[in-house]
Amino acid sequence: MPTLVEARAHPAFREASKGREAPLLSVQDLHLHFVTSRGVVRAVEGISYEVHPGEMVAIVGESGCGKSVSALSIMRLLPKLTARIVSGKIMFNGRNLLDLSDSEMRSVRGKDISMIFQEPMTSLNPVLKIGFQLTEALYMHQQISKTAARERALELLKMVGIPDPERRLDQYPHQFSGGMRQRVMIAIGLACNPKLIIADEPTTALDVTIQAQILKLMKDLSRDLGIAMIVITHNLGIVARYADRVNVMYAAKMVEQADAESIFSTPRHPYTIGLLRSVPRLDRPREGKLATIEGLPPNLLSPPSGCRFADRCKAAIDTCRASDPQLRPMDEGQLVRCFRAEEIAERGPEAFGLAPPHGEARSAKTIDRSKPLLKLDRLETFFDVSSGFSLFGSEKSIVKAVNDVSLDIYQGETLGLVGESGCGKTTVGRTILQLEKATGGTIRYREKDLAQLSSDEMKKVRRDIQVIFQDPFSSLNPRMTIGQIIAEPMLVYKLQPNRKAARERVSDLLTTVGLYPYMADRYPHELSGGQRQRVGIARALALEPSFIVCDEPVSALDVSIQAQVINLLEELQERLGLTYLFIAHDLAVVRHISDRVAVMYLGRMMELADRDELYDNPLHPYTKALLDAVPVPDARLERERDHRILGGEVPSPLRPPQGCVFSTRCPLASKECRQEVPPLREIRPNHYAACIKL
Amino acid sequence: MLAYTIRRILLMVPTLLGVAILVFLMLRLMPGDIVETMLREGGGNVPAHVIEQERVRLGLDKPIHIQFISWFGGILQGDFGASMWTGKPVLHEIGSRLELSLQIALMATFLAVLIALPLGTLAAIFKNTIVDHVIRVISIAGLAIPSFWLGMVIILLLLTFYGWIPPLTFTSFFEDPWRNLSQLIWPAMAVGYRYSAVATRMARSSILEVMQEDYIRTARAKGVYERLVVARHGMRNALLPVITVIGLEFAFLIGGLVVTEQVFNLNGIGRLFVQATTRGDYTMIQGLVLLVAVTFIMVNFLIDMLYAALDPRIRYK
Amino acid sequence: MTDTTTDTVPAVTYKVRKARHPILGFVLQQPLGAMGLLVIIIMMLCGLFAEVVAPYDPLQIDYMAILQAPSADHWMGTDDFGRDILSRVIYGARTALAVGFIASLAGCSIGAIIGMVSAYFGGWVDTIIQRLMDVLLSFPIIVLALAIVAILGKNVVGGIDINLIIAIGLPIIPKVARVIRSSALAIRELPYIDAARAAGFSHKRIVMRHILPNVTAPFLIMLTAYVAQAILLEASLSFLGLGVTEPTPAWGLMLSGSAAQYYQEAPWMIIFPGIAISLAVFAFNLFGDALRDWLDPKVRM
Amino acid sequence: PALAEEPRHGGILNFAVGAEPPNYDCHANTSFAFTHPVRPHYNTLLRFVPDNYPEVEGDLAESWEVSEDGLTYTFHLREGVEFHDGSPFTSEDVRATYDRLRDPPDGVVSIRQASYSDIEAIETPDDHTVIFKLSGPNAAMLANFASPWDCIYSAEKLAEDPNFPRQNILGTGPFVFEEHAAGSHWIGKRNENYWDPERPYLDGYRAVFISGAPMVNALSAGEVLAEFRGHSPADADRIMQQLGDDGVRQEGPWACLLSVALNVEKPPFDDVRVRQALSLAIDRWGGAEALSRIALVRDVGGILRPGYDYAASNEELESLPGFGRDVEANRAEARRLLEEAGYSDLSFTFTNRNVPMPYTPVGVFLIDQWRQIGVTVEHEQLETRLYTDKLLGDELEAGLDYACDFMDEPSIQLIKYISADKSAINYTGSIDETLDRLYEEQSRELDVEKRKELIRKFEKHLLTQAYQFPTIWWHRIIVHHDKLKNWHITPSHYLNVDLADVWLAE
Ligand SMILES: Nc1ncnc2c1ncn2[C@@H]1O[C@H](COP(=O)(O)OP(=O)(O)OP(=O)(O)O)[C@@H](O)[C@H]1O
Ligand SMILES: Nc1ncnc2c1ncn2[C@@H]1O[C@H](COP(=O)(O)OP(=O)(O)OP(=O)(O)O)[C@@H](O)[C@H]1O
Ligand SMILES: [Mg+2]
Ligand SMILES: [Mg+2]
């Protein structure tokens with residue numbers, strides 16, 4: 001077995017470090033603890049990695065595995081009172097950052113190393129002008145005149161592609177969209193020509209098309225300016241598209257390190273393998289069932305001895321539980337923390353049951369399309385957001401959240417609804433659920449117009465249409481136990497004769513969604529995100545509905561958990577004959593689960609077709625752009641793909657463009673497009689699109 | 001922005017109307033009226049017809065809605081009526097007391113801000129250390145010590161140790177600043193302590209909250225001096241809730257210094273309030289309540305304007 | 001194998017102040033708050049068991065023992081009627097707590113309900129309620145109290161004046177309603193409320209079962225803060241002669257009227273009740289602060 | 001009288017007044033808050049001699065005669081007197097003033113109108129003579145002409161506007177009006193044209209509106225030299241202690257009485273036994289002794305001020321029900337009466353005025369006294385307006401009533417006790433013809449001894465019926481700065497406030 005030193009001499013490794021000798025940054029055996037009232041959280045345990053100049057290094061891993069805090073410890077921005085760096089070194093340019101005095105460290109921050117955070121909406125100071133925030137670092141680190149600083153700020157804004165920078169400098173953050181704010185954050189990071197930029201989930205909060213723009217920008221800058229980058233993310237697609245090297249963390253430890261291609265082509269750690277297999281992919285045929293990593297990551301307050309992944313690992317053997325494996329170099333230069341890495345390399349992961357062979361495409365459901373279960377006809381939901389008093393002739397501000405949407409949903413099918421943030425997906429769902437009042441059009445459920453129902457009839461319909469929400473943390477009442485949450489609707493509707501019967505039913509439901517009956521007595525905060533999402537599903541099922549609106553039910557979950565929930569939803573549909581309206585912005589997920597897919601943009605329907613038809617032959621330029629923007633978790637494929645990145649941003653819903661709402665960003669757009677709203681037309685059999693260019 | 005301002009001003013109207021109606025009704029619900037106090041207080045044998053005659057003179061015999069209409073109609077023309085007690089115009093009576101109340105409120109505000117901002121910031125920065133504990137104890141004590149008690153103690157100390165008490169009557173600051181201050185500094189201190197306690201606590205929690213924000217982390221990541229992080233990035237955002245507290249407290253001071261004015265024998269609005277209420281001087285109480293309500297609303301309005309000045313998110317709405 | 005990455009788990013030990021028991025945890029994390037709580041408990045016990053704790057009948061006039069300095073017989077001395085001040089302070093705790101607690105509980109509860117209803121229904125209900133609250137808010141507290149006491153007169157039940165409680169509790173309502181409204185507005189937007197609405201639950205059920213339990217944290221914090229304020233307001237009103245009346249033992253009353261006359265001759269007459277008021281208000285504030293930190297997960301981290 | 005010092009001219013007298021007058025009209029006011037700042041601007045026909053109460057001397061009248069039958073009063077007015085605006089003072093002004101007092105035009109308030117109902121006609125034979133013709137003999141008439149409230153106004157101004165004095169000051173008095181700062185102070189300056197060239201001695205005065213502890217502090221600090229209403233013993237001690245040798249203390253009985261009024265129209269107080277029991281329960285002699293240390297009450301008395309000519313002597317008092325010295329016997333009798341009446345566990349609400357001194361201590365004292373015969377009393381202290389309203393209304397159970405008159409005069413003091421339909425200030429609702437008859441007789445009786453006898457009968461009957469019964473009489477203590485000279489205490493704080501005779505030492 002080669003040692004680490006030897007491994008670093010491996011050609012693959014050398015290639016990855018671009019032949020440059022000394023690493024710019026080297027994190028060595030870092031241990032980080034949080035001392036809290038509930039105990040010691042060992043948030044980082046012995047991670048090491050290097051970053052070479054000009055390189056883009058990715059750190060991936062599940063939520064809570066220590067990605068962010070390890071990055072923050074480089075900047076020494078951890079909370080002073082609780083965080084303790086117990087041991088390790090962070091060598092940067094030959095100096096150990098951990099040994100620097102506070103003021104020395106301050107002069108490193110922003111000058112040599114800068115950092116970009118996840119939330120562009122909150123990371124800029126709302127009361128200071130953009131120009132000032134951009135130049136603040138300059139004033140901090142170098143003697144610079146006002147005019148020179150302004151020059152530089154202009155230059156930076158141009159560099160990150162913000163149009164009309166002169167004017168923008170004197171504006172405030174709230175006047176910028178999310179994507180532009182993130183560009184500003186990057187510009188701030190670049191201000192002093194740093195050697196290293198650390199980006200913590202820089203695009204997670206952004207839409208796919210914007211995400212693609214930002215990542216490309218970062219990659220270009222890194223290449224052109226020779227800036228090294230550490231990108232923290234849980235999106236493997238992004239890693240595949242841009243990273244040179246990848247570090248995979250699991251439960252505070254590094255489990256695998258390699259250059260990007262090897263990670264994707266020959267993952268060796270069972271966790272990495274699971275991670276890669278559990279995401280649905282646009283580039284592969286649709287699988288029957290997603291691979292999952294069962295179970296949950298360990299609690300860092302009291303991690304298990306032995307391999308941390310052992311409990312969830314199909315390949316685990318007794319040794320794994322008994323002792324903790326070390327991070328070891330493999331022949332190819334990959335570093336893996338697994339006793340069985342060589343065996344896996346030899347026999348392939350399938351042999352260990354780590355990833356089932358791609359299942360057969362599910363037998364196509366037979367769906368009766370003669371009579372829709374739910375029929376939306378020219379549905380409109382407008383919001384009046386003008387500020388109360390419209391005395392002064394100020395015109396009403398109206399957000400046309402859903403504008404002229406017609407849809408049929410048939411019994412037993414899943415209709416996927418995709419589109420970027422703010423396009424009205426949720427509003428469609430909420431209007432169906434009668435949580436918002438439709439301002440126009442009709443909703444017919446089982447041929448009854450919902451607007452005309454008596455309150456008794458409405459109650460019946462309410463039982464039949466249920467909902468699952470995105471955020472597992474706020475969709476359960478924190479003051480009720482799981483049992484109470486699930487039993488409440490049954491008791492209100494008197495579906496169960498008494499509490500005892502309800503309790504039993506709760507147990508059944510919990511089992512149905514893959515939880516344990518004993519969890520009925522717990523409170524939501526005592527469950528993990530995935531478990532809560534299952535509770536949400538159980539609550540929806542409690543009323544025995546036939547139609548469920550799933551509003552981004554998996555968007556907030558880690559990929560490994562996401563797969564579990566998707567599988568569960570599919571299983572339930574099969575067993576109970578449910579119909580889903582499945583709202584999501586992840587095209588791959590939608591592709592996986594839906595029978596038909598609708599694409600929305602700025603409140604309007606852009607395209608509607610059967611799933612395979614839509615993904616194989618997208619017609620609308622917007623759909624095409626969306627599909628292009630989604631990175632595929634495979635480095636080699638990504639490098640070969642041709643990225644046409646959709647420019648611009650989604651216009652304000654208060655002032656949607658004339659004519660086709662997409663015309664401002666559409667590569668095909670011409671004058672005619674801006675004149676009239678294109679109707680949704682059946683371009684091919686059962687394939688509708690709203691574009692006059694087709 | 002202009003539309004916003006106008007809208008805000010228009011929104012005051014229903015509130016003020018509500019206040020006017022409420023105070024009017026409330027007063028008529030109170031048993032007894034001013035005539036009895038005025039004529040019977042001496043305990044003499046005043047015949048009933050004299051009392052009745054006086055009621056008629058004051059218009060108290062008319063039906064309530066007529067009284068209201070004539071009062072409110074007067075207000076719309078800028079006439080707040082005459083005090084039923086002295087027969088002099090309400091505005092004149094209030095005016096002669098307002099300067100004093102306003103000055104105390106301003107001085108107390110000044111003191112409070114001077115104390116609260118540094119202490120609150122210190123406490124936030126040194127959260128959970130001894131500094132924080134000491135500041136918190138000092139500020140909670142400010143809430144806990146009744147200001148009348150503090151006022152009593154201040155006066156008694158001055159009297160016992162210096163055989164001196166502050167001047168008894170008000171002199172305008174512009175006439176004789178020294179005499180003016182030597183009268184008003186004491187009540188301003190007694191009130192300012194409590195006031196600063198409220199503001200200190202708000203400053204502390206607000207700064208603590210702001211210092212958790214993402215943009216603070218951004219500033220640190222830029223390598224900004226910690227002092228500047230607090231002063232430039234923290235304070236400005238943390239100031240908003242502190243301003244609210246200060247503003248509301250200020251509005252309260254205009255009419256709420258009842259006990260302090262009593263203790264320091266100040267001829268201010270609060271005292272007038274109590275006198276008017278105990279006498280049942282309807283027009284005076286109505287005028288005063290409206291004054292306080294207007295102050296309160298105006299202060300709220302100013303706070304919002306200040307918010308807008310400090311927070312561009314509001315400014316550009 | 002010369003493995004440089006061997007996990008050298010550093011041997012570190014921490015003194016973790018960790019307590020499983022919630023009360024113990026509170027005590028360890030919030031020492032000041034715990035002190036406040038202790039004082040409150042002592043006061044409550046004093047108030048509840050005043051008959052047992054107090055050495056004398058607080059109403060017992062003894063013209064032979066007028067204005068006696070603190071002594072073994074009378075630890076806090078006697079007042080101008082020869083009544084034992086310690087006993088009056090102890091019984092005063094009963095008045096203060098009863099008035100303070102009931103007033104702020106009533107004020108906070110009504111305020112909370114109004115706030116929740118206002119937030120939940122929104123629209124014109126909200127607008128009207130908000131305007132009403134504005135009206136109440138812009139009314140000077142003391143005048144409100146004066147007027148209420150004047151309109152309703154006295155209505156003494158079990159030694160406690162209900163109308164005084166109304167006078168003290170009423171100004172609390174709009175303030176609490178505001179805070180609770182904003183909390184409830186945030187909660188109203190949360191998906192679990194949507195889930196309840198989607199399930200077709202009644203408004204009452206949603207407000208009472210889903211919103212109410214989730215505003216308990218701000219509610220409790222305000223409750224403690226307003227108990228302190230109510231005690232102070234009661235003292236102020238009594239000081240002005242509008243609150244509790246002689247010979248009922250009450251702290252504010254003990255400081256008002258004749259007490260100041262005797263400040264040189266019998267300073268204990270104003271020292272002890274003053275301390276009692278300050279201590280009580282202090283304790284409730286400390287406890288309220290600690291409760292805020294304790295209940296706020298963000299601060300607690 | 002102290003060693004006669006030579007009066008000194010000059011100086012401004014600062015003194016405190018505990019409240020502020022609502023308006024400037026003597027005839028419409030009732031409070032010391034009025035007399036203290038306002039009276040120095042005016043003269044009356046007669047006045048009580050400052051250092052020899054209750055002797056009466058001329059003020060604007062130089063001399064006067066009363067006819068044998070007591071029906072004609074002739075006043076010879078001082079000549080050369082001018083109002084502050086320079087207009088001359090004549091008999092017309094006196095007539096206009098007394099016309100306004102006895103028969104006010106519409107919109108004019110004359111509070112003490114009843115006292116002048118016996119005046120049938122006023123004649124002014126010349127500029128300096130006024131003759132009052134009475135319809136019947138009136139024992140109180142001469143004292144009435146010395147009433148401090150009967151400021152002489154200018155007839156001319158009254159003709160222009162009967163309510164002129166309400167907002168304006170125009171008198172003949174020793175001081176000219178200078179300034180009234182609302183809520184703050186009142187300033188008068190020397191009338192240089194005063195009819196007595198010697199007086200006043202002061203250059204002016206400044207009345208500061210200040211009360212309670214601040215007033216005591218101001219006195220202690222010498223910021224004000226006096227307060228002319230009266231202090232509690234504790235305050236007086238405190239001020240004396242602060243002032244040391246600079247302090248002067250004057251004291252004496254006060255024509256003010258707190259009495260218990262029972263609503264006799266409703267049970268249980270419609271039962272005379274219950275009323276008597278409540279009066280019997282009060283240990284007046286012991287209470288006076290104890291209360292005098294903490295409150296401004298001291299003397300035990302009946303319905304007239306102890307020490308006044310017409311008041312009962314101690315021996316006479318002791319024979320009245322409730323005034324016996326044997327407290328235990330009284331209380332035993334009280335309990336017996338209650339039991340007999342069927343109210344052995346009586347409880348009621350006692351309405352009191354929320355003025356700290358002396359209402360509160362007396363209230364607390366009474367409640368404690370009644371507790372000792374097993375009666376439970378709820379103390380209800382109300383601010384003056386509500387208190388007055390309550391006393392006037394039917395809701396009243398029992399209340400602490402007060403009478404504080406500007407002079408000792410049975411015809412004034414006894415009105416409170418005559419039948420409720422004849423007296424606006426009888427809050428008990430009692431109707432008692434015996435009392436009414438006795439009252440009428442004494443008021444017409446010009447013979448001192450006979451009048452005394454009638455009054456004794458009145459007193460005995462009242463106290464036996466106990467609709468209303470006295471507690472303890474007030475005691476007036478004035479502490480003033482030594483610099484203030486020639487000011488003499490009187491039994492009424494409404495009197496001797498024209499400041500014409502006082503002067504300031506260096
Ligand atoms: N201030 C803190 N006090 C105590 N524990 C903390 C603190 N900050 C982070 N942790 C813990 O440290 C661990 C690592 O957190 P970290 O934020 O690095 O996760 P992450 O990998 O970035 O996850 P995510 O993808 O959710 O951002 C988590 O278990 C977290 O609970
Ligand atoms: N209650 C509301 N009042 C005013 N505007 C609203 C309201 N709800 C939604 N909107 C607006 O309607 C538009 C559509 O919102 P919606 O939540 O349906 O989008 P979405 O597609 O679900 O977006 P996301 O992916 O961010 O969830 C947005 O511009 C949003 O700001
Ligand atoms: Mg993170
Ligand atoms: Mg949505």
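Reading the values: rules and limits
Residues numbered from 1 in each chain as written. Chains lettered and ligands numbered in written order. Predicted model: local features only at pLDDT ≥ 70, side-chain atom pairs only at ≥ 80, totals over all residues. Heavy atoms only, no water. Phe/Tyr/Trp six-rings, centres within 6.5 Å; stacked < 30°, edge-to-face > 60°. Buried < 20%, exposed > 50% of the residue type's maximum accessible area, 1.4 Å probe, protein only. Lys NZ or Arg CZ within 6 Å of the ring centre and 35° of its normal. Contact = heavy atoms within 4.5 Å. Polar contact = N/O pair within 3.5 Å; in protein donor to acceptor, adjacent residues only side chain to side chain. Helix = DSSP H or I, 4+ residues; strand = E, 2+ residues; numbered from the N terminus. Nonpolar A, V, L, I, M, F, W, Y, C, P; charged D, E, K, R; others polar. Near = heavy atom within 4 Å. pLDDT = per-residue confidence, 0-100. Salt bridge = Lys/Arg side-chain N within 4 Å of Asp/Glu carboxyl O. Pairing = 2+ DSSP bridges. Core = buried A, V, L, I, M, F, W, Y, C linked by side-chain atoms within 4.5 Å. Areas by Shrake-Rupley, 256 points an atom, 1.4 Å probe, with all protein chains shown as cover.

A. Geometry of the packing of aromatic side chains. Inspection of the entire model under this criterion finds 46 aromatic pairs over all chains. Aromatic side chains Tyr 120 of chain C and Phe 121 of chain C sit 5.0 Å apart centroid to centroid with 80° between the ring planes, which places their arrangement in the edge-to-face category. Under the relative-accessibility criterion, Tyr 120 of chain C is labelled buried at 8%. Three or more aromatic residues joined by ring pairs make a cluster, and in this case those are Tyr 73, Phe 75, Tyr 98, Tyr 116, Phe 132 and Phe 145 of chain D. Arg 78 of chain D extends its terminal NZ or CZ atom over the ring of Trp 195 of chain D, reaching a point 3.9 Å from the ring centre.

B. The arrangement of the interface of chain D and chain B in detail. Each side of the interface is counted separately: chain D has 51 residues, and chain B has 47 residues. Counting every contact that joins chain D to chain B gives eight residue pairs in polar contact (both at pLDDT 80 or more). Sorting the residues of the side of chain D that touches chain B by element identifies helix H5 (164–167), strand S10 (204–209), helix H6 (212–220), helix H7 (233–243), helix H13 (384–392) and strand S16 (398–404) of chain D as the ones contributing at least two each. For the side of chain D that touches chain B, the element with the highest residue contribution is H13 of chain D, accounting for six residues. Of the residues in the side of chain D that touches chain B, the class split is 25 nonpolar, 16 polar and ten charged.

C. Local environment of the site of ligand 2. Residues and elements named next belong to chain A. The local shell around ligand 2 holds 14 residues, among which Ser 421, Gly 422, Lys 425, Thr 426 and Thr 427 are the closest. Between an oxygen atom of ligand 2 and a side-chain N or O atom of Ser 421, the distance comes to 2.6 Å. One of the side-chain nitrogen or oxygen atoms of Thr 427 is found 2.4 Å away from an oxygen atom of ligand 2. Among the secondary structure elements, those contributing two or more residues to the shell around ligand 2 are strand S14 (398–410) and helix H15 (425–432). In terms of residue count, H15 provides more of the shell around ligand 2 than any other element does, three residues in total. When the residues that make up the shell around ligand 2 are grouped by side-chain class, the tally is six nonpolar, five polar and three charged.

D. Here's a closer look at the confidence of the model for chain C. Summarising the model, chain C shows a mean pLDDT of 81, and 89% of its residues fall at 70 or more. pLDDT under 50 marks residues 1–7 of chain C. Its contacts with residues more than four places away, or in other chains, come to 13 contacts.

E. Representation of the pattern of salt bridges. Residue and element names in this part refer to chain D. Within this structure, the stated rule accounts for 88 salt bridges over all chains. Between Arg 273 and Glu 340 there is a salt bridge, with its nearest N and O atoms 3.4 Å apart. Highlighted residues: Arg 273 in helix H8 (residues 272–280) and Glu 340 in helix H11 (residues 327–341), separated in sequence by 67 residues. Overall, Glu 340 belongs to the partly exposed group, its relative accessible area being 44%. Members of the salt-bridge network, linked through shared partners, are Arg 47, Glu 57, Asp 196, Arg 199, Asp 498 and Asp 501.

F. Region of interest: the pairing of strand S13 (residues 372–384) of chain A. Residues and elements named next belong to chain A. Inspection of the sheet shows S13 paired to S14 by nine bridges, in the antiparallel sense. Counted as the bridge partner of Leu 379 is Val 405 from S14. In this sheet, strand S16 (residues 440–445) lies alongside S13 in antiparallel orientation, the contact comprising five bridges. Within S16, the position partnered with Lys 375 by the bridge is Arg 444.

G. Looking closely at the nonpolar core. Membership of the largest hydrophobic core comes to 267 residues, with the highest contact counts inside it found for Trp 251 of chain C together with Phe 348 and Trp 370 of chain D. Within the second largest apolar cluster, 80 residues are counted, among which are Met 75, Leu 217, Met 218 and Leu 335 of chain A.

H. Structural view of the site of ligand 1. Residues and elements named next belong to chain A. Taken together, 15 residues surround ligand 1, and among them Ser 63, Gly 64, Lys 67, Ser 68 and Val 69 come closest. Interatomic distance of 2.5 Å between a side-chain N/O atom of Ser 68 and an oxygen atom of ligand 1. Contacts to ligand 1 include Glu 201, whose side-chain N or O atom sits 3.5 Å from an oxygen atom. Considering ligand 1 on its own, with 630 Å² of exposed area, one finds that the protein chains cover 71% of that surface. At the level of secondary structure, the elements contributing two or more residues to the shell around ligand 1 comprise strand S1 (25–36), strand S2 (39–51) and helix H3 (67–75). Of the residues that constitute the shell around ligand 1, the class distribution is seven nonpolar, five polar and three charged.

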